[in-house]
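Chain residues, written in single-letter form:
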Amino acid sequence: MTRVVVDPVTRIEGHLRIEAVVENGVITDAFSAGTMIRGLEKILIGRDPRDAWAITERVCGVCTTVHALASVRSVEDAIGVAVPQTAELIRNIMMATLYVQDHVVHFYHLHALDWVDIVAALKADPKKAAELAQSFSKWDKNTTAYFTDVQKKIKQFADSGLGIFANGYWGHPAYKLPPEVNLIGVAHYLDALEWQKEVVKIHAVFGGKNPHPNYLVGGVPCSIDTDEVAAINSERLNLVSRLISQADEFVNEVYIPDLLAVASFYKDWSKYGGGLSNYLSYGEYPTKGYGNPQSFKYARGAVLGRDLSTVHPVNPRDEQEIKEYIAHSWYEYDGGNDKGLHPWAGETNIKYTGPTPPFETLEGHDKYSFLKTPRWKDNPMEVGPLARLLVSYAAGHTDVKETVGMVLGKLNVPVDALFSTLGRTAARGIDAALAMGWLKEFFGELMDRVKTRETSTFNREKWEPKTWPEDCEGVGLVEAPRGSLAHYVKIHKGAIANYQLVVPTTWNGSPRDAKMQRSAFEASLIGTPVAKLDEPVEILRTIHSFDPCLACSVHLYDPQGRHIHQVSFE
């Protein structure tokens, strides 16, 4: 028996440590440790709820817009205000844009190198690579000349030591792609770097900038007037239209074809990484108001035991449904560490009891993570693209079922193949394809409203705190690219009295609960083969399929520049 430690897990946002127990070449147990402190909730106490979005949005530079949206939704829920339909469309456009950009970036820059061997691309025949790429895509850069140039760049990179990729597991027996597919993957990795910085200009048009576009309780902070220089005018709307067309081409002619090509060589990974059998989705993309989840493009609900015949209703306001536990987390609750707290009653009392850094292993320590452990009706739940697809598939959403069926058909695998590392990776591509279609739909609806001058973007009815109840509470739910995100706020006399974030990686990456039930990361690794203990690419494949995001840490120094403490935000 060997304990394999991966710390830090790279190509993610934040700091994650995985400790896996390997026996006879197979993982038999696993531990997921978030090694950063959550402190954002403390910062928000006493502040104006209308400003919370600007603070919470900066919890992460990758998720960018989702925390702002969850925050304004939580405050709007608390004070009882609905946003105009034009504002709802703009929020949906910004969310769909994030889905498309985030999933492309994840596939190429955070996950592809678990499957694509950079060094093996040097053995490829550029002409054969071009012919292969042209057989499944109309992307105009798929030419012999282009792949020849890319291969030359790879050689120069390899000759210089491979830079940040020097420690990759190149040549590992788990890599199975032909040289030409490796070359295609690397070429499109470079293309995606250029493309992704363009598509986020949509956020800059509607939100002023990216990352961290601006939001507003009661709507969106932008006005639309096709003839006004200082507003979103015809020129800006035409720019958005062009960017959407370019994104549509990249998703459907580069990302999806590459995903299908790579997945076709790794069908054996439909047997690994399934983990939990429970899935949670808050639903997303309201079409008739945030208060009407039945109208959402993605359904709200839960699937238990992989039973797609039943979708269980989810009520985030029910204090018996969602609770956070700390039995194995570095926190303490005033009423005892064995109880679970609904986020409105949540506490963030940090108490580190782990080994003194630096340390080799967390073995023997009952508490081993700074992540709390969320549960829905005491069930561990997986969240993310796979979860929301399964919930909507089970709920009978036609567009979801058709797109899922198309991808499974092209791969020639059954629905059960989704319950795996391969399925989770494919689900992210399906998620992007759906978001791309909805992005075009939302923008078309926005343009229809512009033509009829129905362009109100702000509801000021409840803007002034004097119109609020003395005490109120709200919850803002968002299906972020990585999964179900919730912000819970309690307001007293116009100021924040309590604020709690329950983020996707808290659901997926948290430690065991008091019943010793594993969360998604830990459960997904059980049964995974590991060919080389010193090069555990198999662990990275499954963990990266969730796209972990533990956010950024803040270091504190004294005036002399000496490091005295570290506080991390999730």
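Being a predicted model, the structure only gives us computed values, none of them experimental.

Further remarks concern the overall build of the protein chain. Within the protein chain, the regular secondary structure consists of 15 helices and twelve strands. Here the C-alpha atoms of the protein chain give a radius of gyration of 23 Å, agreeing with the 25 Å that 2.2 N^0.38 yields for 570 residues. Projected onto its principal axes, the C-alpha positions of the protein chain cover 70 × 65 × 60 Å. For the protein chain, with 570 residues in total, the buried portion stands at 59%. Considering only intrachain contacts with a sequence separation of at least 6, the fraction spanning at least 24 residues in the protein chain is 73%. Within the structure as shown, the protein chain displays about 21700 Å² of accessible surface, and the carbon and sulfur contribution to it stands at 51%.

Turning our eyes to something else, we now look at helix H3 (residues 65–79). With 15 residues, H3 should cover 21 Å at 1.5 Å per step; its first-to-last C-alpha distance of 22 Å lies within 8% of that length. Most of H3 is tucked away, with 14 of its 15 residues classed as buried. Just beyond H3, the residue with positive phi is Gly80, at close to 80 degrees.

Using the criterion set out here, one finds 28 aromatic pairs in the structure. Three or more aromatic residues joined by ring pairs make a cluster, and in this case those are Phe107, Tyr108, Trp139, Trp195, Phe250 and Tyr255. The cationic tip of Arg50 hangs over the ring face of Trp463; the distance from NZ or CZ to the ring centre is 4.8 Å. Positioned above the aromatic ring of Tyr393, the side-chain terminus of Lys401 is 5.1 Å from the ring centre.

With 132 residues, the main nonpolar core has Phe147, Phe206, Tyr285 and Leu446 as its most contacted residues. Per-element accounting of this core gives the leading share, 15 residues, to helix H9 (residues 234–263).

On the secondary structure map, His109 appears in helix H4 (residues 85–111). On the basis of relative accessible area, His109 is assigned to the buried category, the value being 10%. Polar contacts involving the side chain of His109 include one to the main-chain carbonyl oxygen of Tyr189, which spans 3.0 Å.

In total, this model carries 32 salt bridges according to the counting rule given. Linking Arg3 and Glu19 is a salt bridge whose minimum nitrogen-to-oxygen distance equals 2.6 Å. Here Arg3, found in strand S1 (residues 2–6), pairs with Glu19, found in strand S2 (residues 16–23); they are 16 residues apart in sequence, far enough to count as distant. With relative accessibility at 1%, the residue Glu19 sits in the buried group. Through salt bridges with shared partners, a single network forms among Arg3, Asp7, Arg17 and Glu19.

Of note, Ser74 is situated in helix H3. With near-sequence residues (within four places) excluded, Ser74 lies in contact with Gly474, Val475, Gly476, His487, Val489 and Tyr499.

Below, the discussion takes up the sheet that holds strand S10 (residues 495–502). Spatial strand order, S8-S9-S10: three strands in an open sheet with antiparallel pairing. On the outer flanks of this sheet lie strand S8 (471–480) and S10, each paired with one strand and no other. With direction set aside, neighbouring strand axes in the sheet form an average angle of 15 degrees.

Running from amino to carboxyl end, H4 crosses H9 at an angle of 35 degrees, the nearest separation of the two axes being 11 Å. The handedness of the crossing between H4 and H9 comes out as left-handed. From H4, Val100, His103, Val104, Phe107 and Tyr108 reach across to H9, where they touch Ala247, Phe250, Val251, Val254, Tyr255, Asp258 and Leu259. Its residues assigned to classes, the contact of H4 with H9 shows ten nonpolar, one polar and one charged.

Per-residue pLDDT for the protein chain averages 93, and the proportion of residues at 70 or more is 96%. Throughout residues 552–570 the model reports pLDDT below 50, and contacts reaching past four residues in sequence, or to other chains, amount to 49 contacts.

Sheet strands line up and pair through hydrogen bonds in the backbone, either parallel or antiparallel. Spatially, S1-S2-S3 is the arrangement adopted by the three strands of the open sheet, whose pairing is antiparallel. Because the sheet does not close on itself, it has two edges, and the strands there are S1 and strand S3 (26–34). Across the sheet, the mean angle separating the axes of adjacent strands is 20 degrees when strand polarity is ignored. Helix H15 (residues 537–544) rests against S1, S2 and S3 of the sheet, and its axis sits at about 130 degrees to S2.

In the contact formed by helix H10 (residues 385–395) and helix H11 (residues 398–411), the axes pass within 8 Å of each other and the chain directions differ by 115 degrees. Between H10 and H11 lies a crossing of left-handed hand. Judged by residue contacts, Leu389, Ser392 and Tyr393 of H10 engage Val400, Lys401 and Val404 from H11.

Further remarks concern the pairing of S2. Most of S2 sits out of view: seven of its eight residues are buried. Here S1 runs beside S2; their pairing, made up of five bridges, is antiparallel. Directly across from Val4, in S2, lies its bridge partner Ala20. The sheet contact formed by S2 and S3 spans eight bridges and is antiparallel. Along S3, the bridge assignment pairs Ala20 with Ala30. Once S2 ends, the chain turns through two residues before running back antiparallel as S3, passing Asn24 with a positive phi of about 55 degrees.

The rules behind each value
Residues numbered from 1 in each chain as written. Predicted model: local features only at pLDDT ≥ 70, side-chain atom pairs only at ≥ 80, totals over all residues. Heavy atoms only, no water. Helix = DSSP H or I, 4+ residues; strand = E, 2+ residues; numbered from the N terminus. Rg over C-alpha atoms; globule rule 2.2 N^0.38 Å. Buried < 20%, exposed > 50% of the residue type's maximum accessible area, 1.4 Å probe, protein only. Contact = heavy atoms within 4.5 Å. Areas by Shrake-Rupley, 256 points an atom, 1.4 Å probe, with all protein chains shown as cover. Expected span 1.5 Å × (residues − 1). Phe/Tyr/Trp six-rings, centres within 6.5 Å; stacked < 30°, edge-to-face > 60°. Lys NZ or Arg CZ within 6 Å of the ring centre and 35° of its normal. Core = buried A, V, L, I, M, F, W, Y, C linked by side-chain atoms within 4.5 Å. Polar contact = N/O pair within 3.5 Å; in protein donor to acceptor, adjacent residues only side chain to side chain. Salt bridge = Lys/Arg side-chain N within 4 Å of Asp/Glu carboxyl O. Pairing = 2+ DSSP bridges. Axes fitted to C-alpha atoms, helices over the stretch in contact; angles between N-to-C directions. Left-handed = near helix turned anticlockwise from the far one by under 90°. Nonpolar A, V, L, I, M, F, W, Y, C, P; charged D, E, K, R; others polar. pLDDT = per-residue confidence, 0-100.

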